[in-house]
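Here is how the chains run, residue by residue.
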Amino acid sequence: MIDENGFIKPDAEETEHPDTSNTVEGYVAPEIPPTVQGYSAPLPPPQPARPSNPGRVLLVWGLIIGLLLGSVLGGILGNYVVMSNPGTFPWARTVSTTYPAGTSGSGTTIVTTEEQAIENAVKIASPAVVQINITSVSQNPFGFSSGQQEGLGSGFIITSDGYVLTNNHVVENATKITVMLKDGREFRGQVVGTDSTSDVAVVKISGTNLPTVQLGDSSTLTVGQKVIAIGNPYGLSQTVTTGVISALERNVQASQTETLVGVVQTDAAINPGNSGGPLVDLSGRVVGINTMIYQNAQGLGFSVSVNTARKVYDAIIKNGKVTWPALGIQGATLTTSIAEQYNLKASQGVYIVQITSGSGAQAAGLKAGDVITAIDDKPMTTIDGVLSYIRSRNVGDTVQVVVDRNGTTKTFSVTLKALSQ
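The structure presented is a predicted model; accordingly, all values stated were derived computationally and were not measured.

**Q** Just to check I follow, could you spell out the overall build of the protein for this structure?
**A** The helix and strand tally for the protein stands at 8 helices and 23 strands. Residue pairs at least 24 apart in sequence account for 56% of intrachain contacts in the protein once pairs closer than 6 positions are excluded. Accessible surface for the protein amounts to roughly 24,900 Å². Of this, 53% is attributable to carbon and sulfur atoms.

Listed below in structure tokens is the structure:
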């Protein structure tokens, strides 16, 4: 179509329907806005600065410091409560120990856990625990020598120049004694003295600055108290077992002729080879010498009390032997059946069965049939109690014995004489 000026003018239909032959069906190119050179998006308007708040900062720091202090003080207070009341908190059981002089913490009472106390006690005592190897001559039933036999036991050094305590039955009839220390050193041992009545022996080795263990006081022991046995059972050197004091002042028949008086009973494991080794408390002090067990029994071990061992040692060093005092009676703990059988008036005490000829009891006027009720104002209710008390005295001492004789109370002064062995 040509307009009035001679120019070609598109038809109306063409204007309404533009040519799309060079486009993809259904696609319309987006309209691109014009750009202006040098134009960029405007920056955000500046924000006003927040004013500082010193009080709020101090409050936050105060809370942090308060929490830290509270945690520390709470921990200290909680630990004090737990340690002060171990019975309420059994998982935090504590013990109080005073370590011997010459050791770390000597003379200081330390509250620590039971496990730590056991470890410390072993560290203190074990260097002085020795293995004793012996050679002896065996005899056949006809009394003739049938060769040599080997044996072993334990012991412990009590002086830095080499005095060793052990059991009499460990070194009895020994022809050669070898003492081996924890550090591997070996010494030839010589018997200084023995006592079959208490089953204690003193052996000497030649050495200087040897490790030692301190002797405690067995009179302060209590039933249930924790103790440690150290020794060489079956040759397994430096074996440690733990247990408690099961009973005190036991009188145990050690042989057909010997009765061990006033021994300590423990359930700490004791086996062949432990004989002569120490029973120590949680401070590392010796309270007994492990000496015997009941065959085929469990938890029935016995130790010579350290007070008895000390008495034997002192006597052997001073006199070369030890003599034990004796009252001079054979008796039995009074029972209802004994009282009824002999028509006795006393309800408890020790019934005298027989008086030993030539004894202090005979000289003082005691008689068979008397019932001992007290000695030196100490009530006596068992024969074990009488034997233990008399053994604690010395030959030549005089004791006051109170008896019930046919319902009448009488007191006798008895001079103790040496026990016949």
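**Q** Explanation requested: the sheet that holds strand S12 (residues 259-266) in the structure shown.
**A** Working definition: the strands of a sheet are paired by backbone hydrogen bonds and lie parallel or antiparallel to each other. Pairing within the closed barrel is antiparallel, and its 6 strands lie in the order S10-S11-S12-S15-S14-S13. Neighbour-to-neighbour, the strand axes of this sheet turn through a mean angle of 50 degrees, independent of strand direction. Here strand S14 (residues 286-293) pairs with strand S15 (residues 301-305) via 5 bridges, running antiparallel. For Ile 289, the partnering residue across the bridge sits in S15 and is Val 304. Along the sheet face, helix H3 (residues 114-125) touches strand S10 (226-231), strand S11 (239-253) and strand S13 (278-280) and points at about 35 degrees away from the line of S10.

**Q** So what exactly am I meant to see when it comes to a nonpolar patch on the surface here?
**A** Together, Val 57, Val 60, Trp 61, Ile 64, Ile 65, Leu 68, Leu 69, Val 72, Leu 73 and Ile 76 make up a nonpolar patch on the protein surface, roughly 1,000 Å² of accessible area in all. Residue classification places Leu 68 among the exposed positions, given a relative accessible area of 56%.

**Q** Would you explain the layout of surface pockets in this entry?
**A** A probe matching the size of a water molecule, rolled over the atoms, marks out where space remains unfilled. Here the largest pocket defines a volume of roughly 820 Å³. Taken together, 28 residues line the largest pocket, and the ones lying closest to its centre are Ala 326, Ile 329, Gln 330, Leu 387 and Leu 419. Within the residue set of the lining of the largest pocket, elements represented by two or more residues are S12, strand S16 (325-326), strand S17 (329-333), helix H8 (383-391) and strand S23 (417-418). The element contributing the most residues to the lining of the largest pocket is H8, with 6 residues. In terms of residue class, the lining of the largest pocket is built from 11 nonpolar, 13 polar and 4 charged. In terms of residue count, S12 provides more of the lining of the second largest pocket than any other element does, 5 residues in total. Looking at side-chain class alone, the lining of the second largest pocket contains 7 nonpolar, 11 polar and 3 charged residues.

**Q** What exactly am I supposed to notice about the pairing of strand S9 (residues 200-204) here?
**A** The side chains of a regular strand alternate, residue by residue, between the two faces of the sheet. Across the 5 residues that make up S9, a large majority, 4, are buried. Sheet analysis places strand S5 (residues 163-166) next to S9, joined by 4 bridges and oriented antiparallel. What sits directly across from Val 164, in S9, is Val 203. Inspection of the sheet shows strand S8 (residues 190-195) paired to S9 by 5 bridges, in the antiparallel sense. The partner of Gln 190 across the bridge, within S9, is Lys 204. If you look at the hairpin formed by S8 and S9, you'll find 4 residues sitting between the two strands, and Asp 199 has a positive phi there, around 60 degrees.

**Q** Would you take a moment to explain the confidence of the model for the protein for this structure?
**A** Any region with low pLDDT has predicted coordinates that should not be read closely. Overall, the prediction assigns the protein a mean pLDDT of 83, with 76% of residues at 70 or greater. Averaged pLDDT values for the elements of the protein fall to 48 in helix H1 (residues 12-16) and rise to 98 in S5. Residue range residues 13-17 is modelled with pLDDT below 50. Its contacts to residues more than four positions away, or to other chains, number 1 contact. A low-confidence stretch, residues 87-92 stays under pLDDT 50, and its non-local contacts, those more than four residues away or across chains, total 5 contacts.

**Q** Can you help me understand the pattern of salt bridges in this one?
**A** Pairs can form between side chains of opposite charge whenever their charged atoms are close. Scanning all chains against the criterion turns up 4 salt bridges. A salt bridge links Asp 370 to Arg 405, with the nearest nitrogen and oxygen atoms 2.8 Å apart. Residue Asp 370 is located in the loop between helix H7 (360-364) and strand S19 (371-375), and its partner Arg 405 is located in strand S21 (residues 398-405); the two are separated by 35 residues in the primary sequence. What you see here is one network of salt bridges that share partners, running through Asp 376, Arg 393 and Asp 397.

So, how was this worked out
Residues numbered from 1 in each chain as written. Predicted model: local features only at pLDDT ≥ 70, side-chain atom pairs only at ≥ 80, totals over all residues. Heavy atoms only, no water. Helix = DSSP H or I, 4+ residues; strand = E, 2+ residues; numbered from the N terminus. Contact = heavy atoms within 4.5 Å. Areas by Shrake-Rupley, 256 points an atom, 1.4 Å probe, with all protein chains shown as cover. Pairing = 2+ DSSP bridges. Axes fitted to C-alpha atoms, helices over the stretch in contact; angles between N-to-C directions. Patch = residues over 30% accessible without salt bridge, like charges linked within 9 Å, V, L, I, M, F, W, Y side chains within 5 Å. Salt bridge = Lys/Arg side-chain N within 4 Å of Asp/Glu carboxyl O. Buried < 20%, exposed > 50% of the residue type's maximum accessible area, 1.4 Å probe, protein only. 1 Å grid on protein atoms, 1.4 Å probe; cavity = no way out; pocket = protein on both sides within 12 Å on 5 of 7 lines; lining within 4 Å. Points joined across faces, edges and corners; volume = space filled by probe spheres on them. Nonpolar A, V, L, I, M, F, W, Y, C, P; charged D, E, K, R; others polar. pLDDT = per-residue confidence, 0-100.

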